[in-house]
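Structural description and commentary
Chain by chain, the residues:
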Amino acid sequence: MSPRSVFITGCNRGIGLELVKQYLSLSSPPTHLFATYRTLSDELKGLADGNTSVKLIKMDLTDFNSYPDIVNQVDAVVGDSGLNLLINNAGVLPQNRDLKSVTPDDMMTAFKTNCVAPLFFARAMLPLLERASKHGGAGLSVKKAAIIQMSTAVASIAENSGGSTYAYRCSKSALNMSMKSMSVDLKDTGILVMAMHPGWVLTDMGGPNAQITTETCCKTMIETLDGLTDKDHGTFLRYNNTPIQW
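Now for a description of the structure that goes with this document. For clarity, every value in this text was computed on a predicted model and none was experimentally measured.

**Focus: the pairing of strand 2 (residues 32-37)**
The element strand 2 is largely enclosed, with a buried count of 6 among its 6 residues. Burial of the side chains of strand 2 extends over both faces: His32, Phe34 and Thr36 are buried on one face and Leu33, Ala35 and Tyr37 on the other. Remark: the strand 1 (residues 5-8)/helix 1 (residues 14-25)/strand 2 crossover connection has right-handed handedness. When strand 2 meets strand 3 (residues 54-58), the two strands line up parallel, connected through 5 bridges. Looking across to strand 3, one finds that Thr36 is bridged to Ile57. Tracing the backbone out of strand 2, into helix 2 (residues 42-50) and back to the parallel element strand 3 gives a crossover that is right-handed.

**Thoughts on the sheet that holds strand 7 (residues 236-238)**
Where strands meet in a sheet, backbone hydrogen bonds hold them as pairs that are either parallel or antiparallel. The strand order 3-2-1-4-5-6-7 describes an open sheet built from 7 strands, whose pairing is parallel. Each of the sheet's edge strands pairs with one partner strand only, and the pair in question is strand 3 and strand 7. Pairwise comparison of adjacent strand axes, ignoring direction, gives a mean angle of 20° for this sheet. Looking at chain direction, strand 4 (residues 85-88) and strand 5 (residues 146-150) are connected through 4 bridges and run parallel. Paired with Ile87 across the strands is Ile148, a residue of strand 5. Of the strands in this sheet, strand 2 and strand 3 touch helix 2, which is tilted by about 140° from strand 3. In the packing of helix 4 (residues 104-133) onto the sheet, the strands contacted are strand 1, strand 4 and strand 5, and the crossing angle to strand 4 comes to about 170°.

**Things to note about the packing of helix 4 against helix 5 (residues 166-185)**
In helix packing, the relevant descriptors are the interaxial angle and the interaxial distance, both defined with respect to the helix axes. Between helix 4 and helix 5, the least distance of the axes is 8 Å, while the angle of their chain directions is 20°. In this view, helix 4 runs roughly parallel relative to helix 5, as classed from their interaxial angle. Classified by chirality, the crossing of helix 5 by helix 4 is right-handed. Where helix 4 abuts helix 5, its residues Asp106, Met107, Ala110, Phe111, Asn114, Cys115, Pro118, Leu119 and Ala122 lie against Tyr166, Ala167, Tyr168, Cys170, Ser171, Lys172, Ala174, Leu175, Ser178 and Met182. Along the lines of polarity and charge, the residues of the contact of helix 4 with helix 5 split into 14 nonpolar, 3 polar and 2 charged.

**Let's talk about the pairing of strand 5**
Among the 5 residues that make up strand 5, 5 are buried, leaving the element largely enclosed by the rest of the structure. Of the two faces of strand 5, the one carrying Ala146, Ile148 and Met150 and the one carrying Ile147 and Gln149 are both buried. Tracing the backbone out of strand 4, into helix 4 and back to the parallel element strand 5 gives a crossover that is right-handed. The pairing of strand 5 with strand 6 (residues 192-197) spans 5 bridges and is parallel. Counterpart to Gln149 in the pairing with strand 6 is Ala195. Handedness of the crossover joining strand 5 and strand 6 through helix 5 is recorded here as right-handed.

**What about unusual backbone geometry?**
Residue Thr165 is not a glycine yet carries a positive backbone phi of 50°. In this structure, Thr165 sits in the loop between strand 5 and helix 5. At Asn241, a residue that is not glycine, the phi angle is positive and equals roughly 70°. Within the secondary structure, Asn241 is located in the segment after strand 7.

**Quick notes on the packing of helix 1 against helix 6 (residues 214-226)**
Packing of helix 1 against helix 6 brings their axes to within 9 Å, and their N-to-C directions diverge by 60°. With respect to each other, helix 1 and helix 6 are oriented oblique. For the pair helix 1 and helix 6, the sense of crossing is right-handed. Contacts between helix 1 and helix 6 involve Gly14, Ile15, Glu18, Leu19, Gln22 and Tyr23 from the former and Thr214, Glu215, Cys217, Cys218, Lys219, Met221, Ile222 and Leu225 from the latter. By residue class, the composition of the contact of helix 1 with helix 6 is 8 nonpolar, 3 polar and 3 charged.

**Looking at the packing of aromatic side chains**
Scanning the model with the defined rule gives 5 aromatic pairs in all. When the centroid spacing of 5.0 Å and the interplanar angle of 70° are considered together, the rings of Tyr67 and Phe121 count as edge-to-face. Placement of the pair is Tyr67 in helix 3 (residues 67-78) and Phe121 in helix 4, with a sequence separation of 54 residues. Phe121 sits in the buried class, given a relative accessible area of 0%. Aromatic ring contacts, followed pair by pair, group Phe7, Phe34, Phe64, Tyr67 and Phe121 into a single cluster.

What counts, and at which threshold
- Residues numbered from 1 in each chain as written.
- Predicted model: local features only at pLDDT ≥ 70, side-chain atom pairs only at ≥ 80, totals over all residues.
- Heavy atoms only, no water.
- Buried < 20%, exposed > 50% of the residue type's maximum accessible area, 1.4 Å probe, protein only.
- Helix = DSSP H or I, 4+ residues; strand = E, 2+ residues; numbered from the N terminus.
- Right-handed = clockwise from strand over helix to strand, strands pointing away.
- Pairing = 2+ DSSP bridges.
- Axes fitted to C-alpha atoms, helices over the stretch in contact; angles between N-to-C directions.
- Contact = heavy atoms within 4.5 Å.
- Parallel < 35°, antiparallel > 145°, perpendicular 65-115°, else oblique.
- Left-handed = near helix turned anticlockwise from the far one by under 90°.
- Nonpolar A, V, L, I, M, F, W, Y, C, P; charged D, E, K, R; others polar.
- Phe/Tyr/Trp six-rings, centres within 6.5 Å; stacked < 30°, edge-to-face > 60°.

Limitation: the analysis is restricted to geometry and does not speak to function.
The structure is reproduced here in C-alpha cells:
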C-alpha cells in the first residue's frame, strides 16, 4: 500500500517522471500524486490526462515566493489528511565540472537549487506533513509523513576519490547537512527525514555511461522507501537500501 498523497518535484523527465509512472503502476497507487514541472513534457501531460490522481503543478523550485500558493493548492486537495510524502527530486548539475572551468555562478546556482530550495520548500510543506503525521499511528514511515531529500553518492566526503564536479558535490553535501539538522529538529514530530541516492541513472543528467535505467532505479527506490522506519531517520541511503558514508 502506497502513501495516500505524494508530492514529487522535477517530474518533467528522468527520475521524477519515472517515479510518477512507478507510483501509478502500484496495485494501490496514491490517491493524490502531485507532480511539478517547469516545462510540461508530452509524456507527463499524458500521464495526467489518463490518471485523475495526478495533479500537475508548474513550479520553479528557486522561486521561493511561489511556495505559499503551492502549499495552498496541495492543502485544498488533501484537506485534513495532510501530505504523506514529499520527495524533493528536482536538482541541477552544472556543466563546468573541473577546477579550471567551474565558476562562482556555478557554485551559487547549484547551492540555491540543490540545497536552499529543498530545505525551504520542505519547511513550507511542514504544516501539511505535520497534519498527516497525526493520522499514521506509532512509528515513522512514508505512509505516515516523510521528507525525502534526493542526494547523490558524490556528496560523500569519505567516498570522494575522483575529485572535480565541485558545484554538484558541494551543494549536495550541503543538502545532506541540512537534512541531518532537519531530522534532529523534527525528531519528535512523527515526520521521517532522510537523504536518498538514486544511483547512477541513465538520464540527461546521468549521461550515457550510467549503470541503471530509470525504471530499475525508481522501482527499487519505491520498495526501499516503503520499508523505511524509525531506524532510517536522518540517514543517507542508496536507492537499494544500502548506507553511504558521510
